[in-house]
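A closer look at the structure
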Amino acid sequence: MLKEIRPAIFVLLALAFITGLIYPLAMTVVAGTIFPAQAEGSLITRDGKVIGSALIGQEFKDDKYFHGRPSATTAADPNDATKTVPAPYNAANSSGSNLGPTSKALADRVKQDVDKLRAENAAQAVPVDLVTSSASGLDPDISPAAALFQVPRIAKARGVPEDRVRALVAKNTDGRLIGLLGEPRVNVLALNLALDASTAR
Amino acid sequence: MTLIGWIQILLYCAIIVALAKPLGWYMTGVFNGERTFLSPVLRPVEVAVYRISGVDERHEQHWLTYTIAMLLFHVGGFLVIYGVMRLQAVLPFNPAGQSAVAEDLSFNTAISFLTNTNWQNYGGESTLSYLVQMLGLTHQNFLSAATGIVLAIALIRGFSRASARTVGNFWVDVVRCTLYILLPLCILMTLFLVWQGIPQTLGPYVKATTLEGATQTIAVGPVASQVAIKMLGTNGGGFFNANAAHPFENPTALSNVVQMISVFALGAALTNVFGRMVGNPRQGWAILAVMGVLFIAGVSIAYWAEASGTSTLNALGLTGGNMEGKEVRFGIVASALFAVITTAASCGAVNAMHDSFTALGGMIPLINMQLGEIIIGGVGAGLYGMLLFVVLAIFVAGLMVGRTPEYVGKKIEAREVKMAMLAILVLPLMYLGWTAVAVVLPSAVASMANAGPHGFTEVLYAFTSATANNGSAFAGLTGNTFFYNLTLASSMFVGRFFMIIPAMAIAGSLAEKKSIPPSAGTLPTTGGLFVGLVVGVILIIGGLTFFPALALGPIVEHLAMTAGTVF
């Protein structure tokens with residue numbers, strides 16, 4: 001047994017060095033060289049300032065922007081560090097709601113959101129993803145149906161024809177990969193940037 | 001449920017089966033000590049490691065020495081993780097200025113990564129420095145995966161060798177597994193994942209000013225290199241709190257498929273290694289068939305349950321299934337499939353929040369873990385877990401016909417059956433026992449996030465996941481308390497080592513036996529009858545053990561849900 005102590009120490013240290021330092025650091029250098037944009041977090045800049053990441057959702061409340069899905073992320077309460085307060089789309093503390101199928105809190109929240117959306121657009125069925133919170137709280141996407149649902153509100157807020165907004169949604173919709181993998185989706189930040197660009201013109 | 005959904009599921013299964021043979025061939029070569037196409041690059045590194053460690057690569061070990069070497073290796077691993085977590089504030093690679101991790105959380109996390117569980121009581125981006133993520137977690141992801149694989153190899157050698165006193169050399173197996181199998185695959189996968197959008201940087205968290213003018217702090221880091229081994233090694237501990245649901249850990253539908261494949265790839269290939277080493281590949285395919293039957297059954301139920309939605313959503317006229325706690329880019333099918341895969345294997349990564357699954361959809365992951373994660377299973381752990389059930393099934397069959405049972409040329413006798421039963425019974429002892437304790441302790445009950453039967457399921461899920469070394473969670477449960485940190489750590493420890501030690505004892509005792517040629521009275525172990533027998537034994541033993549607990553949790557919740565009750 002004593003004979004095994006030396007390998008226990010040195011095999012551990014050697015592999016720790018290889019897999020815990022050389023591997024991640026070398027991959028950082030290589031990946032940063034081949035795919036610099038992705039390695040840094042797919043950041044989007046406008047007028048020289050970072051406005052977010054193409055992959056990370058951000059909060060939109062304004063009527064003139066498309067809204068993302070409800071987010072259940074939290075942050076430490078500034079008044080009491082042992083508690084947390086809701087902080088939607090907190091990209092430094094990802095989390096879902098973790099409310100179960102028989103949760104009253106969830107049922108009440110969804111009902112409230114559905115009522116609000118029905119008041120905004122009674123003509124279309126409320127898409128399920130627009131009233132359910134995502135797993136990460138940072139979902140960058142909504143379904144095409146959820147984007148189209150919001151078109152009347154945005155057209156009104158911006159004073160542009162609905163058809164023009166609808167065309168932008170269609171242009172920013174990503175289909176399934178090779179028609180098979182994943183789900184059709186619209187990246188909310190990309191769509192809103194396109195919206196800003198098209199209305200400015 | 002949609003046709004495209006089912007095609008995605010079948011495509012996934014086809015890829016796993018297709019990969020089993022080539023990967024199995026390569027892995028067999030590595031563990032038989034043969035030269036591989038990577039030897040020109042890796043052999044000098046391998047030799048250097050042996051030299052500084054004083055390992056004689058031609059020397060083989062008795063099963064007991066092999067097991068002791070494995071345990072000593074883990075003592076060192078524990079000290080490294082615990083040390084870097086406690087000292088992270090004064091160590092480099094800490095741009096976010098994380099302070100030292102508390103004693104009980106460090107203890108829990110160290111045990112968790114050591115045992116290939118990777119339970120997340122920590123929130124990665126809010127608790128850990130980059131150094132801990134690399135030297136603590138990434139490193140241990142490699143080692144616990146390699147340990148699982150080499151233990152399975154040792155058990156296979158027990159079956160394949162005759163009248164032998166040794167089962168291989170632990171140090172040689174671990175080094176070769178890490179260098180020749182895990183590292184090359186991880187390098188390829190890291191590059192692929194970065195291409196798909198996973199960050200790989202040592203820079204600080206990004207401060208962004210959103211379109212509406214708010215400030216958003218975006219956590220980044222050396223993510224891709226860790227995600228690669230986390231999936232391939234069926235570890236599952238996330239860089240971020242939301243794990244593979246986080247867009248930075250799983251940005252696209254393609255990255256999702258590749259991550260799902262990497263969870264099963266090595267585990268499925270090990271069945272092929274088993275077939276090759278015992279001299280009959282069909283023995284391996286039979287085991288894979290047992291796993292496949294149970295897997296397809298689980299996926300079908302979970303997919304159906306999630307696509308059906310919950311009565312809360314359906315009552316409001318919302319269609320499209322249960323999207324609470326799921327990401328749009330994955331949708332229902334890829335979330336349900338991922339949940340079944342991650343719990344069939346002992347991965348525990350999640351791309352959707354299991355806590356928000358429907359009652360029955362969340363029950364399938366629970367059952368997968370309670371069966372002992374033998375459906376493909378953790379790398380290595382799944383195969384030796386399955387072989388324990390095979391020993392039992394063969395024993396039951398032997399009792400029926402009144403002959404001494406035998407499997408791949410080895411007589412299965414009292415010692416093997418006792419050890420298999422010990423390993424199989426110790427799991428429910430931990431998860432049922434601790435759940436019972438937790439639900440009568442007011443302080444432990446206070447950790448539940450959901451009321452009613454769902455709260456009970458949260459606790460049952462936590463102890464099941466810890467004991468089975470899975471690491472996924474009904475994450476609403478506040479696990480970072482003194483009680484849960486210690487009890488979950490004990491479940492992980494017992495669940496790992498009280499399965500490994502009996503399995504190694506079986507390996508040792510089988511290796512010493514003579515090999516007997518099959519006769520007319522031998523039960524063929526490559527056909528449908530055998531597959532059916534093993535599936536039956538698994539379901540009967542599993543069902544008798546945990547059905548009562550399931551009845552109190554998901555089953556009663558499903559009935560409540562259909563009656564429209566909320567808690």
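Worth saying up front: this structure is predicted, and the values here are computed from it rather than measured. (Residues numbered from 1 in each chain as written. Chains lettered and ligands numbered in written order. Predicted model: local features only at pLDDT ≥ 70, side-chain atom pairs only at ≥ 80, totals over all residues.)

Looking only at helices and strands, chain B has 19 helices and four strands in total. Taking 24 Å as the expected radius of gyration for a compact globule of 567 residues, we find that chain B reaches 23 Å, a close match to that expectation. Each principal axis of the C-alpha distribution contributes one length, and for chain B these read about 75 × 60 × 45 Å. Across chain B, the fraction of contacts at a sequence separation of at least 24, relative to all contacts at a separation of at least 6, is 78%. (Helix = DSSP H or I, 4+ residues; strand = E, 2+ residues; numbered from the N terminus. Rg over C-alpha atoms; globule rule 2.2 N^0.38 Å. Contact = placed C-beta atoms within 7 Å.)

For chain A, the helix and strand inventory stands at seven helices and seven strands. Secondary structure of chain A in N-to-C order comes out as α-α-β-β-β-β-α-β-α-α-α-β-β-α. Its C-alpha atoms give chain A a radius of gyration of 23 Å, clearly above 17 Å, the size a compact globule of 201 residues would have. Across the 201 residues of chain A, 47% fall into the buried class. (Buried ≥ 20, exposed ≤ 12 C-beta atoms within 10 Å, placed from the backbone.)

Listed by partner, the interface residues are 105 residues for chain B and 87 residues for chain A. Among the elements that line the side of chain B that touches chain A, the one with the most residues is helix α7 (residues 170-196) of chain B, at ten residues. The residue inventory of the side of chain B that touches chain A, partitioned by class, reads 59 nonpolar, 38 polar and eight charged. (Nonpolar A, V, L, I, M, F, W, Y, C, P; charged D, E, K, R; others polar.)

Below, the discussion takes up the sheet that holds strand β5 (residues 141-142) of chain A. Across a sheet, strands are paired by hydrogen bonds formed along the backbone, either parallel or antiparallel in direction. All names here are of chain A. One open sheet accounts for three strands, arranged β5-β7-β6; its pairing is antiparallel. Both outer strands of the open sheet, β5 and β6 (173-174), are each paired with one neighbouring strand and no more. Two strands pair when backbone bridges link them, and β5 and strand β7 (residues 185-187) are joined in this way by two bridges, in the antiparallel orientation. For Asp141, the partnering residue across the bridge sits in β7 and is Asn187. (Pairing = 2+ DSSP bridges.)

Attention shifts here to the confidence of the model for chain A. Per-residue pLDDT for chain A averages 93, and the proportion of residues at 70 or more is 99%. In the model of chain A, strand β4 (residues 80-86) of chain A stands out as the element of lowest mean pLDDT, 85, in contrast to β5 of chain A, which has the highest, 97. (pLDDT = per-residue confidence, 0-100.)

Another point: the packing of helix α14 (residues 381-401) of chain B against helix α15 (residues 414-440) of chain B. Between two packed helices, what matters for the description is the angle formed by their axes and the separation of those axes. Residues and elements named next belong to chain B. Contact geometry for α14 and α15: axes closest at 9 Å, N-to-C directions at 130 degrees. Classified by the interaxial angle, the pair formed by α14 and α15 is oblique. Seen along the crossing, α14 lies across α15 with a hand that is left-handed. On α15, the residues that touch Leu388, Val391, Leu392 and Phe395 of α14 are Glu416, Val417, Ala420, Ala423 and Ile424. Across the contact of α14 with α15, the residue classes break down as eight nonpolar, no polar and one charged. (Axes fitted to C-alpha atoms, helices over the stretch in contact; angles between N-to-C directions. Parallel < 35°, antiparallel > 145°, perpendicular 65-115°, else oblique. Left-handed = near helix turned anticlockwise from the far one by under 90°.)

Okay, helix α8 (residues 223-232) of chain B next. α8 of chain B sits mainly inside the fold: ten of its ten residues count as buried. Turning to α8 of chain B, its buried residues are Val223, Ala224, Ser225, Gln226, Val227, Ala228, Ile229, Lys230, Met231 and Leu232 of chain B. Buried residues in α8 of chain B make contact with α1 (5-34) of chain A together with α6 (130-160), α7 and α9 (253-277) of chain B. Positive backbone phi, at 45 degrees, marks Thr234 of chain B, one or two positions downstream of α8 of chain B.

Residue and element names in this part refer to chain B. Model confidence for chain B is summarised by a mean pLDDT of 91, while 100% of its residues fall at 70 or above. When mean pLDDT is compared element by element in chain B, α7 scores highest at 96, while helix α5 (residues 124-127) scores lowest at 79. The complex model carries a pTM of 0.94, and its ipTM stands at 0.95.

Residue and element names in this part refer to chain B. It is the contact of helix α10 (residues 281-308) with helix α12 (residues 331-344), at a shortest axis distance of 9 Å, that shows an interaxial angle of 140 degrees. Looking at the two axes, α10 sits oblique to α12. For the crossing formed where α10 meets α12, the hand is right-handed. Across the interface between the two elements, Phe295, Gly298, Val299, Ala302, Tyr303, Glu306 and Ala307 of α10 pack against Ile332, Val333, Ser335, Ala336, Leu337, Ala339, Val340 and Ala344 of α12. For the contact of α10 with α12, the class distribution of residues is twelve nonpolar, two polar and one charged.

Another point: the pairing of strand β2 (residues 215-218) of chain B. Residues and elements named next belong to chain B. Residues of β2 alternate between two faces, with Gln216 and Ile218 buried on one and Thr215 and Thr217 left unburied on the opposite face. Pairing analysis gives four bridges linking strand β1 (residues 206-209) to β2, with the strands arranged antiparallel. Bridge assignment links Ala208 to a residue of β2, and that residue is Gln216. Here β1 folds back onto β2 in antiparallel fashion, the turn holding five residues, of which Gly213 has a positive phi close to 90 degrees.

All names here are of chain A. Considering the arrangement of structural elements, one finds Leu117 in helix α3 (residues 104-120). Residue Leu117 is classed as buried on the basis of its 20 C-beta neighbours within 10 Å. Counting along the chain gives 93 residues from Leu117 to Pro24, while the straight-line C-alpha distance between them is 46 Å. For Leu117, the contacting residues outside a window of four places in its chain are Val126, Leu130 and Val131.

Working note: α-helix, 3.6 residues per turn, so residues spaced by three or four point in the same direction. The end-to-end C-alpha distance of α10 of chain B is 40 Å, a good match for the 40 Å that 28 residues give at a rise of 1.5 Å each. Downstream of α10 of chain B by one or two residues, Gly309 of chain B has phi in the positive range, about 80 degrees. (Expected span 1.5 Å × (residues − 1).)

What follows covers unusual backbone geometry. Excluding glycine, most residues fall at negative phi; most peptide bonds, likewise, are trans. All names here are of chain B. The backbone of Ser163 sits at a positive phi, close to 50 degrees, despite the residue not being glycine. With respect to the helices, strands and loops of the structure, Ser163 is situated in the loop between α6 and α7. Exposure remark for Ser163: the 9 C-beta atoms within 10 Å place this residue in the exposed category.

Now for the environment of Asp173 of chain B. All names here are of chain B. As for its position among the elements, Asp173 is in helix α7. Spatially, the C-alpha atom of Asp173 lies 16 Å from that of Asn141, the residues being 32 residues apart in sequence. Not counting residues up to four positions away in its chain, the partners in contact with Asp173 are Phe31, Val150, Ile153 and Gly168.

Within the secondary structure, Leu550 of chain B is located in helix α19 (residues 528-562). Residue classification places Leu550 of chain B among the partly exposed residues on the basis of 17 C-beta atoms within 10 Å.

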